[in-house]
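# Structural features, examined
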Amino acid sequence: MVTLVLPRLVSFEGAGRRSASVVERNAATLRSAYWLVMASGLLEPVLYLFSIGVGVGTLVGDLTLPDGRVVTYAAFVAPAMLASSAMAGALSETTFNFFGKMKFMKLYDGMLATPVRPIEIALGELAWAMIRGNIYAAAFLILMVVMDLTTPARALAALAGAILVGFAFGAAGMALSTFMRSWQDFDLVASVQFTLFLFSGTFVPAEAYPSVLRWLVEATPLYRSVDLIRAITTGGVGWLQLIDIAYLLVVVTIGLIVAGRRMEKLLCK
């Protein structure tokens, strides 16, 4: 029994160490301009929160959620901004940056000359993307607590939810990037991302849409992310959040499998 289990443990440990080396490489090449890009990524959801959540919220007033709870419009919009921010941070790292490293810098070709495998590169890049997404999420949650839009305990739980959201979109973005042929293909990614941002229960409840469009909205990954985080921050967690979590875990799994296999096919010719 020991002889069967020990090699597996050593293998997993080695894979984790090799994936961590990808993260260390990215951290070692940081430039000051990178932090400015990150700051701009955090500023966008904050501006949306104040302009729409607070500004337009004074005209909208309170909203009644499907379970009957009444919340302010700012409290309704804020978790959607958090989910969108987690999505944007993860996609930025795993689409444009990942594609550039793979197609133009040929960075991963050099990595594969070492014991690092394609799936370990994918895991390392996803972990690096999560660092960026988690910084966004933590800073935004602090702002939500300061504005009394949620409690500190709920903010901690929402951070875990935002991490899962980042993993889901990071894995999906990485998988999509392996199919991209040129930078122009990312125009479609940006269009889809903006469409999700507008129509995922972000600014209005999904119940406000016509029935056909509502079911389409509720099937999108960002809606499931918004629904999960909104339930946490407003204190309305129920069995539906199990569906949200299961959905996002499936996205993570499929994304990593596709990214690993596609990278192996593209880089190990």
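Before any of the text, the structure's been laid out above.
Residues numbered from 1 in each chain as written. Predicted model: local features only at pLDDT ≥ 70, side-chain atom pairs only at ≥ 80, totals over all residues. Heavy atoms only, no water.

On to the overall build of the protein chain, then. Secondary structure assignment for the protein chain yields 10 helices and two strands. Secondary structure of the protein chain in N-to-C order comes out as α-α-β-β-α-α-α-α-α-α-α-α. Counting every position in the protein chain, which comprises 269 residues, the buried fraction comes to 45%. (Helix = DSSP H or I, 4+ residues; strand = E, 2+ residues; numbered from the N terminus. Buried < 20%, exposed > 50% of the residue type's maximum accessible area, 1.4 Å probe, protein only.)

Space inside the largest pocket adds up to approximately 510 Å³. Along the wall of the largest pocket there are 26 residues; nearest its centre are Pro66, Glu207, Tyr223, Asp227 and Leu240. For the lining of the largest pocket, the elements supplying multiple residues, two or more each, are helix H8 (211-218), helix H9 (221-234) and helix H10 (240-267). Top contributing element to the lining of the largest pocket by residue count: H9, with six residues. For the lining of the largest pocket, the class distribution of residues is 12 nonpolar, five polar and nine charged. (1 Å grid on protein atoms, 1.4 Å probe; cavity = no way out; pocket = protein on both sides within 12 Å on 5 of 7 lines; lining within 4 Å. Points joined across faces, edges and corners; volume = space filled by probe spheres on them. Nonpolar A, V, L, I, M, F, W, Y, C, P; charged D, E, K, R; others polar.)

What follows covers a nonpolar patch on the surface. A cluster of nonpolar side chains, contributed by Trp239, Leu240, Leu242, Ile243, Ile245 and Leu249, occupies part of the molecular surface with about 610 Å² of accessible area. Note on placement: leucine 240 falls in helix H10. Using a relative accessible area of 41% as the deciding quantity, one classes leucine 240 as partly exposed. (Patch = residues over 30% accessible without salt bridge, like charges linked within 9 Å, V, L, I, M, F, W, Y side chains within 5 Å. Areas by Shrake-Rupley, 256 points an atom, 1.4 Å probe, with all protein chains shown as cover. Salt bridge = Lys/Arg side-chain N within 4 Å of Asp/Glu carboxyl O.)

Here the focus is the packing of helix H6 (residues 152-177) against H9. The packing of two helices is summarised by the inter-axis angle and the distance between the axes. At a minimum axis distance of 8 Å, the contact between H6 and H9 shows a crossing angle of 170°. Here H6 lies roughly antiparallel to H9, going by the angle between them. From H6, Arg154, Ala157, Ala158, Gly161, Ala162, Leu164, Val165 and Phe169 reach across to H9, where they touch Pro221, Leu222, Ser225, Leu228, Ile229, Ile232, Thr233 and Thr234. The residue inventory of the contact of H6 with H9, partitioned by class, reads 11 nonpolar, four polar and one charged. (Axes fitted to C-alpha atoms, helices over the stretch in contact; angles between N-to-C directions. Parallel < 35°, antiparallel > 145°, perpendicular 65-115°, else oblique. Contact = heavy atoms within 4.5 Å.)

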